[in-house]
Amino acid sequence: MIHGLGTALITPFTATGEVDYKALDALLDIQLQGSVDFLVVLGTTAEAATMTELEKLHVLQFVIRKVNGRLPLVLGLGGNNTQALINRINNQQIAISKYCEAILSVCPYYNKPSQEGLYQHFVAIAKASPVPIILYNVPGRTGVNLLPETVMRIFETCPDKIMGIKEASGNLDQIKRLLDLRNSYQLSTNKLDGNSTLYTLNSKLKIYSGDDNLAAELMSAGADGLISVASNAFPKDFATIVHKADHALQERYAEMVNLLFKEGNPSGIKTVLSQMGVIQNNLRLPLVPNSVNVQKEIEQCIHSLLH
């Protein structure tokens, strides 16, 4: 069920710093009406690192109630302490297994594990989780790069628990190498007369672009979807980019996507959504709103896109 366009939801905040549930409700309406295929809740774009566990629980509950089964949900749940992450998964087993299709789990950050450490971390997480795992490789944030060979090794060890990977390395050669490895890997076994085994290619690791500006190219190359920041504000157009591998529409949004990340994420997308009247432009420290100059650039770009 997790294919096509997934929106990495932001978390709206009020001027006094609380979660703005009225704005979150409006944002979810935009997603539900915008040809989005699934939602990612409490990922990096949600500023989950600055939220308490109680806040995260309440946001997840709110999204579950609002969506009411109309879209699959993927829960962001990562960390750089493997045992602590397993404990968090165990504490949320019932809610995760009942309401979430998968967990999106980022590579451990700051402590910079080796490829062997990354392998053992994700195997341990996969074994603890009641739902499949989507690996999340984003070296620009974590300081480590999950290599294609390691991804396939994790997948081969836990084929029933590793759904796919959100690839946000920005390295096209690396991502295409992973696509090649994925496509050539024979996974499942079907027992024939109890004595022999036939290997068939009836299950594949799903590969999702983690970069909005690479979506069309990667979809053309055989990727399975995009986990998008831009689709918070432009879900219908990014659904077209993903579902039709629309390179022309992708190019039309290139400037906007660059602006979204010019001063960090989710500062850019919150500027867009605030200018559209969906949310207030509030972030939690250490993140801050875009500078006045970038806000003006974004305003001009929105006008160009919508007129």
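Reference entry: report on the structure contained in this document. (Residues numbered from 1 in each chain as written. Predicted model: local features only at pLDDT ≥ 70, side-chain atom pairs only at ≥ 80, totals over all residues. Heavy atoms only, no water.)

Things to note about the packing of aromatic side chains
Part 1 of the argument: Taken as a whole and assessed by the stated rule, the structure comprises five aromatic pairs.
Part 2 of the argument: Three or more aromatic residues link up through ring pairs in this structure, and these residues are Phe234, Phe238 and Tyr253.
Part 3 of the argument: The positively charged end of Arg153 is found above the aromatic ring belonging to Tyr119, 3.6 Å away from the centroid. (Phe/Tyr/Trp six-rings, centres within 6.5 Å; stacked < 30°, edge-to-face > 60°. Lys NZ or Arg CZ within 6 Å of the ring centre and 35° of its normal.)

Here we look at unusual backbone geometry
Part 1 of the argument: Asn265 connects to Pro266 through a cis peptide bond whose omega is 10°.
Part 2 of the argument: Relative to the assigned elements, Pro266 resides in the loop between helix 12 (254-260) and helix 13 (267-275).
Part 3 of the argument: In this structure, the amide linkage connecting Leu285 to the following residue, Pro286, adopts the cis form with an omega of 15°.
Part 4 of the argument: With phi around 50°, Lys112 is a residue other than glycine that occupies positive phi space. (Helix = DSSP H or I, 4+ residues; strand = E, 2+ residues; numbered from the N terminus.)

A few points about the state of the cysteines
Part 1 of the argument: Enumeration according to the criterion identifies zero disulfides in this entry.
Part 2 of the argument: For the unlinked cysteine Cys100, the closest cysteine sulfur is that of Cys158, found at 20 Å.
Part 3 of the argument: Using a relative accessible area of 5% as the deciding quantity, one classes Cys100 as buried.
Part 4 of the argument: Just so you know, Cys107 is unpaired, no disulfide at all, and the nearest cysteine sulfur is the one on Cys158, 15 Å from it. (Disulfide = S-S within 2.5 Å. Buried < 20%, exposed > 50% of the residue type's maximum accessible area, 1.4 Å probe, protein only.)

Some details on the packing of helix 3 (residues 82-91) against helix 5 (residues 115-128)
Axis angle and axis distance: for two packed helices, these are the angle between their axes and the distance between the axes, and together they describe the pair.
Part 1 of the argument: Relative orientation of the contacting elements helix 3 and helix 5 amounts to 15°, with a least axis distance of 10 Å. The angle between helix 3 and helix 5 places the two elements in the roughly parallel class. Crossing angle aside, the handedness with which helix 3 passes helix 5 is right-handed. Taking contact as the criterion, the partners of Thr82, Leu85, Ile86, Ile89 and Asn90 in helix 3 are, on helix 5, His121, Ala124, Ile125 and Ala128.
Part 2 of the argument: For the contact of helix 3 with helix 5, the class distribution of residues is six nonpolar, three polar and no charged. (Axes fitted to C-alpha atoms, helices over the stretch in contact; angles between N-to-C directions. Parallel < 35°, antiparallel > 145°, perpendicular 65-115°, else oblique. Left-handed = near helix turned anticlockwise from the far one by under 90°. Contact = heavy atoms within 4.5 Å. Nonpolar A, V, L, I, M, F, W, Y, C, P; charged D, E, K, R; others polar.)

Some points on the side chain of Ser231
Part 1 of the argument: Examined against the element boundaries, Ser231 turns out to sit in the loop between strand 10 (225-228) and helix 10 (235-244).
Part 2 of the argument: Look at Ser231 and you get buried, because its relative accessible area is 0%.

Details of helix 7 (residues 148-157)
Part 1 of the argument: Along helix 7, the positions that sit buried rather than exposed are Pro148, Thr150, Val151, Met152, Ile154 and Phe155.
Part 2 of the argument: Contacts made by the buried residues of helix 7 are with helix 5, strand 5 (133-137), strand 6 (162-167) and helix 8 (172-184).

What to know about the packing of helix 7 against helix 8
Part 1 of the argument: Two numbers describe how helix 7 lies on helix 8: the axes approach to 9 Å, and their chain directions differ by 35°. Helix-helix and strand crossings are classified by hand; for helix 7 and helix 8 the assignment is right-handed. Contacts from Pro148, Glu149, Val151 and Met152 in helix 7 reach Gln174, Arg177, Leu178, Leu181 and Arg182 in helix 8.
Part 2 of the argument: A breakdown of the residues in the contact of helix 7 with helix 8 according to their chemical character gives five nonpolar, one polar and three charged.

A word on the pairing of strand 4 (residues 102-106)
The side chains of a regular strand alternate between the sheet's two faces.
Part 1 of the argument: Counting buried positions along strand 4 gives five out of five residues, so the element sits mostly inside the fold.
Part 2 of the argument: Residue alternation in strand 4 divides its side chains into two sets, Ala102, Leu104 and Val106 and Ile103 and Ser105, and both sets are buried.
Part 3 of the argument: Sheet topology places strand 3 (residues 73-76) next to strand 4; three bridges connect them, and they run parallel. By the bridge assignment for strand 4, Gly76 is matched with Leu104.
Part 4 of the argument: Taken together, the four bridges between strand 4 and strand 5 define a ladder with parallel strand orientation. Counterpart to Leu104 in the pairing with strand 5 is Ile134.
Part 5 of the argument: This β-α-β element, strand 4 to helix 5 to strand 5, shows right-handed connectivity. (Pairing = 2+ DSSP bridges. Right-handed = clockwise from strand over helix to strand, strands pointing away.)

Digging into the pairing of strand 9 (residues 206-209)
Part 1 of the argument: As paired strands, strand 6 and strand 9 are joined by four bridges and run parallel to one another. If you follow Lys166 over to strand 9, its bridge partner there is Tyr208.
Part 2 of the argument: Here two bridges tie strand 9 to strand 10, and the two strands are oriented parallel to one another. Looking at strand 10, one finds that Tyr208 is bridged to Gly225.
Part 3 of the argument: On the question of chirality, the crossover connecting strand 9 to the parallel strand 10 by way of helix 9 (residues 215-220) is right-handed.

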